[in-house]
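Below, each chain spelled out in residue letters.
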Amino acid sequence: MAISLKLKFKILTPLFLGNAFQKPELRPPAFKGLLRFWYRAVSADYYEKEAKFFGGTGQGEDLFLQNNGSASSSRGEGQSPFLLRAVANSLKTIRWQDLDLHRFDEGRGFKTRNGLKYLGYPFGMDGGKRIAFKPGEIFDLRLVVVRDQENEELRQAIAASCWLMAHAGGAGSRNRRGFGSFALTGWECEQGGDAFPELKALPLLSSAASPAKWRDGFENAMNQFRRWFGPFDTKRASNAFAHPHLGPNFTWILSEQGFTEWDQAMNAIGRKLQDFRLQIAPDDQEVKNYLKGPERTGGRPLKNAPSRVTFGLPLTFRFSSQRGNVTFMPYDERQKTTRERQGSLLFLRLTSIADRLHPL
């Protein structure tokens, strides 16, 4: 007998998730991809089991349940043991151009600072026509485990991935910059708790009464993941650094300050990031010294990449006082070549605590 899970989400910040024509759509493949991402992040040996839980490199099809209830498939790497469906009534939407962005402007001219526009700058590049699902809207995800229901490792992988997507990540465009944040307000197994006991082992932090309670719950969940997946030893695999993970260098900060409105909270964290990136020492001076070259006074090689590469690559430095520029690109050690880009290792999002929104 199949096991069915129902997860209820509340959108906290505009969710820019859509189809190939940028029309808003809760696409099941997008959510399934996010679950795969967070499984890779939490399991140090994902490369051994990912195919079994999420579809692999063998022959077969990856199945999705569409909103109308019919099944569709895309040629994949072997069928996943669970199906996924997004369920929602008619969700309200909002255009980027309709947001009152200028009310957060500080300064004048090229010195104008605006944290919300800074985080969402791509949405204004086409005249602000991008459409998002509106904060406050509700939708469900339905997961149906069609085989291997008795596999404890599979249930743990599903529970951990869903929990992390809801509490540490987001969905859609610019989800690493706070857009597409949502709260997991409830989850249940329709066959009863005994059929999926892993849900009871993880707290739903949308019901936390204070930031302190939220922190305690988050730490408890991290400890539970280590019990399920073992200690995160990056030496266990040669490709352990091929994916951002919750290993020894993972850290997180939850702000004590809460906001009543999502745009206020987003502007606050956007300004922190914007102001930090304007305080460019020592990155700029070190790169300037590199551009001068060893034959000129003050020139010296770089010993480390600039700290700002954690915000993603490529990263270009340009100076009016220097001839030329330098661009840092991600490099593939195995292929001995550069890659097009590397996503940011910094995730920003909002989390709901006692009717207020706290930056995480």
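Everything here concerns the structure above.
Only a predicted model underlies this, so the values are computations on that prediction, with no experimental measurement involved. (Residues numbered from 1 in each chain as written. Predicted model: local features only at pLDDT ≥ 70, side-chain atom pairs only at ≥ 80, totals over all residues. Heavy atoms only, no water.)

Focus on the packing of aromatic side chains
Summed over the entire model, instances satisfying the criterion amount to 27 aromatic pairs. For the ring pair Tyr-39 and Phe-229, a centre distance of 6.2 Å and an interplane angle of 70 degrees mean the geometry is edge-to-face. Placement of the pair is Tyr-39 in helix 1 (residues 28-42) and Phe-229 in helix 5 (residues 211-229), with a sequence separation of 190 residues. A relative accessible area of 13% places Phe-229 in the buried class. Ring centres of Trp-96 and Phe-179 lie 5.7 Å apart, and the angle between their planes is 70 degrees; this geometry places the pair in the edge-to-face category. In this pair, Trp-96 sits in the loop between strand 5 (93-95) and helix 3 (115-119) while Phe-179 sits in the loop between helix 4 (152-167) and strand 8 (182-189), placing the two residues 83 residues apart along the sequence. (Phe/Tyr/Trp six-rings, centres within 6.5 Å; stacked < 30°, edge-to-face > 60°. Helix = DSSP H or I, 4+ residues; strand = E, 2+ residues; numbered from the N terminus. Buried < 20%, exposed > 50% of the residue type's maximum accessible area, 1.4 Å probe, protein only.)

A short note on the sheet that holds strand 8
The strand order across the open sheet built from four strands is 4-7-1-8, with neighbouring strands paired in antiparallel fashion. Sheet topology places strand 4 (82-87) and strand 8 at the edges, where each strand pairs with a single neighbour. Across the sheet, the mean angle separating the axes of adjacent strands is 20 degrees when strand polarity is ignored. Pairing analysis gives six bridges linking strand 4 to strand 7 (residues 138-145), with the strands arranged antiparallel. Paired with Phe-82 across the strands is Val-145, a residue of strand 7. Taken strand by strand, helix 1 contacts strand 4, strand 7 and strand 8, and its axis lies near 125 degrees from that of strand 4. (Pairing = 2+ DSSP bridges. Axes fitted to C-alpha atoms, helices over the stretch in contact; angles between N-to-C directions. Contact = heavy atoms within 4.5 Å.)

Concerning the pattern of salt bridges
The tally for this structure, following the rule as stated, stands at 17 salt bridges. Residue Asp-105 is joined to Lys-117 by a salt bridge in which the shortest nitrogen-to-oxygen separation is 3.5 Å. Separated by twelve residues along the polypeptide, Asp-105 in the loop between strand 5 and helix 3 and Lys-117 in helix 3 bring together distant segments of the chain. Here the residues in one salt-bridge network are Arg-36, Arg-40 and Glu-50, joined through shared partners. (Salt bridge = Lys/Arg side-chain N within 4 Å of Asp/Glu carboxyl O.)

Focus: empty space enclosed by the protein
On inspection of all chains with the given rule, the structure shows two cavities of 30 Å³ or more. What lines the largest cavity is Ala-166, His-167, Phe-182, Ala-183, Leu-184, Leu-205, Ser-206, Trp-214, Arg-349, Thr-351 and Ser-352. Contributing elements (two or more residues each) for the lining of the largest cavity: helix 4, strand 8 and strand 13 (350-353). The element best represented in the lining of the largest cavity is strand 8, accounting for three residues. Lining the second largest cavity are Phe-16, Leu-17, Gly-18, Gln-22, Lys-23, Pro-24, Arg-130 and Ile-131. (1 Å grid on protein atoms, 1.4 Å probe; cavity = no way out; pocket = protein on both sides within 12 Å on 5 of 7 lines; lining within 4 Å. Points joined across faces, edges and corners; volume = space filled by probe spheres on them.)

Regarding the layout of surface pockets
Empty space within the second largest pocket amounts to approximately 280 Å³. Forming the boundary of the second largest pocket are 17 residues, of which Lys-10, Leu-12, Ser-352, Asp-355 and Leu-357 lie nearest the centre. Looking at the lining of the second largest pocket, the elements that each hand over two or more residues are strand 1 (3-11), strand 8 and strand 14 (356-359).

What to know about the side chain of His-243
When you line up the elements, His-243 lands in the loop between helix 5 and helix 6 (262-278). Look at His-243 and you get buried, because its relative accessible area is 8%. Those residues in contact with His-243 that sit more than four places away from it in its chain are Phe-37, Arg-40, Ala-41 and Tyr-46.

With respect to helix 6
The end-to-end C-alpha distance of helix 6, which contains 17 residues, comes to 24 Å, matching closely the 24 Å that a straight helix rising 1.5 Å per residue would cover. Within the span of helix 6, buried status applies to Trp-262, Asp-263, Ala-265, Met-266, Asn-267, Ile-269, Gly-270, Arg-271, Leu-273 and Gln-274. The inward-facing, buried residues of helix 6 abut helix 3, strand 13 and strand 14. (Expected span 1.5 Å × (residues − 1).)

Thoughts on the environment of Gln-257
Within the fold, Gln-257 resides in the loop between helix 5 and helix 6. Residues Gln-257 and Arg-356, 99 residues apart in the sequence, show an inter-C-alpha distance of 9.0 Å. Residues in contact with Gln-257, not counting those within four places in the same chain, are Leu-357, His-358 and Pro-359.

Quick look at the side chain of Glu-198
Following the sequence through the fold, Glu-198 ends up in the loop between strand 8 and helix 5. Sequence-distant contacts of Glu-198, defined by excluding residues within four places in its chain, comprise Glu-152, Arg-155, Gln-156, Ala-159 and Trp-228.

Remarks on the packing of helix 4 against helix 5
Relative to each other, helix 4 and helix 5 sit at 150 degrees, their axes nearing to 11 Å. In this view, helix 4 runs roughly antiparallel relative to helix 5, as classed from their interaxial angle. Seen from above, helix 4 lies across helix 5 with left-handed handedness. Here Gln-156, Ala-157, Ala-159, Ala-160, Trp-163, Leu-164 and His-167 of helix 4 lie close against helix 5, whose contacting residues are Trp-214, Phe-218, Ala-221, Met-222, Phe-225, Trp-228 and Phe-229. A breakdown of the residues in the contact of helix 4 with helix 5 according to their chemical character gives twelve nonpolar, two polar and no charged. (Parallel < 35°, antiparallel > 145°, perpendicular 65-115°, else oblique. Left-handed = near helix turned anticlockwise from the far one by under 90°. Nonpolar A, V, L, I, M, F, W, Y, C, P; charged D, E, K, R; others polar.)

A word on the nonpolar core
Residues Phe-31, Leu-141, Leu-143, Trp-163 and Phe-225 are the most contacted members of the largest nonpolar core, which totals 61 residues. Among the secondary structure elements, those contributing two or more residues to this core are strand 1, helix 1, helix 2 (46-54), strand 4, strand 7, helix 4, strand 8 and helix 5. Here this core gets ten residues from one element, more than from any other, and that element is helix 4. Setting aside anything within four residues of it in sequence, one finds Phe-225 in contact with Val-42, Ala-160, Trp-163, Leu-164, Leu-202 and Gly-230. (Core = buried A, V, L, I, M, F, W, Y, C linked by side-chain atoms within 4.5 Å.)

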